[in-house]
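Summary of the model geometry
One letter stands for each residue in the lines below.
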Amino acid sequence: MDKVLKVENLVVKYGRLTALQIGELELIRGESFGLVGNNGAGKTTFFRALLDLIKPQSGDILIGGKYRSSDDGWKKITGAYLDEGFVIPYLSPEEYFALVAKIRKISPAEMEAQLGRFERFFSRKILGKGKYIREHSRGNQKKVGIAAAFLGNPDLVILDEPFSHLDPSSQFELRNILKSMDRETDVTLLVSSHDLTHISAFCKRIAILDNGKIVSDFYKNEQTLEDLQSYFSKGEGFN
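Residues numbered from 1 in each chain as written. Predicted model: local features only at pLDDT ≥ 70, side-chain atom pairs only at ≥ 80, totals over all residues. Heavy atoms only, no water.

Some words on the overall build of the protein
Helix and strand counts for the protein stand at eight helices and ten strands. In terms of C-alpha radius of gyration, the protein reaches 18 Å, essentially the compact-globule figure of 18 Å for 239 residues. By its C-alpha atoms, the protein is 50 × 40 × 35 Å across when sized along the principal axes. Expressed as a percentage of the 239 residues in the protein, the buried residues total 49%. (Helix = DSSP H or I, 4+ residues; strand = E, 2+ residues; numbered from the N terminus. Rg over C-alpha atoms; globule rule 2.2 N^0.38 Å. Buried < 20%, exposed > 50% of the residue type's maximum accessible area, 1.4 Å probe, protein only.)

Dropping the structure here:
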C-alpha cells in the first residue's frame, strides 16, 4: 500500500513537559483519518510538527515516502489549514485562491473547477463580495482556508478543528464535502475535531490522542460513535 505519511518516534517537548510522543503512525493513500482528544492532548502540536512549524526534539516524518527533514518536496503534495494564520488577511478570497493556484501550478480554469466543489459551502458569501479576507467573519475566513487547502489536489490535507466557528448548515456541507473527497479522490485526510459525530460520520479510521500519546487507533464500525462518547464521558477505554 502507498504510504502518504509515516511518523517515526516523534517527540515534542516544551521545557520539561513532553507535549507529544508518537512512536509510529502510518497513513495510506486515500485514507480518512480522524484525530480526537481533549484540549491540551497535543493535536495541534502534532499538526504543527508535521508542517515544520515547530521543531521536534527527536524523531522524523516521511511524507510521500521521503524524509521531510531532508527533502522539501512534501510542500508540493501537502495542503493544510490550522487557523487564520494560514490565509493572508489583506488579500481578497479571489486573490488568495489565485496565489495558491499559482504556487500549486494549476491554471485559472482548473482553479475555478476545483473551487466549484465548494460552491454550496461558500453559500454565496465568499466570492464576488469585494471584501478582504480580514473583513469576513471568522467562519468565512475558515471556509477560504479550507477550500485553498484542497487546491491542486494534494496527496495529503491536514485540517485542525475544521467544524469550529461554522454555522450548522456549513458544518454539514463540509462533512458532505469531506465524505465525497474520501469516495472520489485519492487524497489522504488528516482531520482533528472535538465533534465526535462529524468525525465518526466521514472518517474510516480514528485515533484518540491523550497527553500527547495515541492511546487507541481503530477502524470505524457501527459502534464507533457510541464508543467515543463513552470514552470521553466516562473515561472508558476500548476493548
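There is more to say after this.
Looking at the nonpolar core
Counting residues in each nonpolar core, the largest one holds 43 residues, and the members touching the most others are F97, F150 and L159. Considering every element that reaches this core, the biggest residue donor is helix α5 (residues 138–150), with six residues. Those residues in contact with F97, other than ones at most four positions away along the chain, are M111, L115, F122, L127, V144, A147, A148 and L151. In terms of nonpolar packing, the next biggest core, distinct from the first, is built from 27 residues, L20, F46, I54 and W74 among them. (Core = buried A, V, L, I, M, F, W, Y, C linked by side-chain atoms within 4.5 Å. Contact = heavy atoms within 4.5 Å.)

Considering the sheet that holds strand β6 (residues 78–81)
Within the open sheet, the six strands sit side by side as β6-β7-β8-β3-β9-β10. Their pairing is mixed. Every interior strand has two partners, whereas the edge strands, β6 and β10 (213–219), have only one. Here the average twist between neighbouring strands, direction ignored, is 15°. Note that β6 and strand β7 (residues 156–160) share four bridges and pair parallel. What sits directly across from T78, in β7, is L156. (Pairing = 2+ DSSP bridges. Axes fitted to C-alpha atoms, helices over the stretch in contact; angles between N-to-C directions.)

Quick look at the environment of D52
Within the fold, D52 resides in the loop between α1 (43–50) and β4 (58–63). Distance in space between the C-alpha atoms of D52 and K75 is 10.0 Å, their sequence separation being 23 residues.

Thoughts on the side chain of K143
Positionally, K143 belongs in helix α5. Despite its burial, K143 pairs with no opposite charge, the nearest such side chain being D167 at 4.6 Å. Among the polar contacts listed, one links the side chain of K143 to the side chain of S123, at a separation of 3.5 Å. Not counting chain neighbours up to four residues away, the residues in contact with K143 comprise F121, F122, S123, I126, L166 and S170. (Lys, Arg positive; Asp, Glu negative; His and termini not counted. Salt bridge = Lys/Arg side-chain N within 4 Å of Asp/Glu carboxyl O. Polar contact = N/O pair within 3.5 Å; in protein donor to acceptor, adjacent residues only side chain to side chain.)

Re unusual backbone geometry
One non-glycine residue with positive phi stands out, namely K105, at about 60°. Along the polypeptide, K105 turns up in the loop between α2 (93–104) and α3 (108–115). Even without being a glycine, R124 presents a positive backbone phi close to 60°. Tracing the chain through its elements places R124 in the loop between α4 (119–122) and α5. The class for R124 is exposed, based on a relative accessible area of 75%.

Side note on the pattern of salt bridges
For the coordinates displayed, the defined rule picks out twelve salt bridges. The partner of R48 in a salt bridge is D83, and the shortest N-O contact between them spans 4.0 Å. Placement of the pair is R48 in helix α1 and D83 in the loop between β6 and α2, with a sequence separation of 35 residues. Since its relative accessible area comes to 30%, D83 is described here as partly exposed.

Quick look at the pairing of β7
The two faces of the sheet receive side chains in turn, since in a regular strand these alternate between them. For β7, the buried fraction is high: five of the five residues fall into the buried class. Every second residue of β7 is oriented toward a common face, with L156, I158 and D160 on one face and V157 and L159 on the other, all of them buried. With five bridges connecting them, β7 and strand β8 (residues 188–192) associate as parallel partners. In the strand pairing of β8, I158 is matched with L190. In terms of handedness, the path from β7 via helix α6 (residues 168–184) over to β8 forms a crossover that is right-handed. (Right-handed = clockwise from strand over helix to strand, strands pointing away.)

A closer look at the sheet that holds strand β2 (residues 17–28)
A sheet is described by the order of its strands in space; here four strands give the open sequence β2-β1-β4-β5, paired in antiparallel fashion. This sheet does not close on itself; its edge strands, each paired only once, are β2 and β5 (66–67). Of the strand pairs in this sheet, β4 and β5 are connected by two bridges, and their pairing is antiparallel. Bridge pairing in β5 places I63 opposite K66. Its contacts with the sheet place α1 against β1 (3–14), β2 and β4, and it is angled at close to 115° to β1.

It is worth stressing that arrangement in space is one thing and function is another; only the former is reported here.
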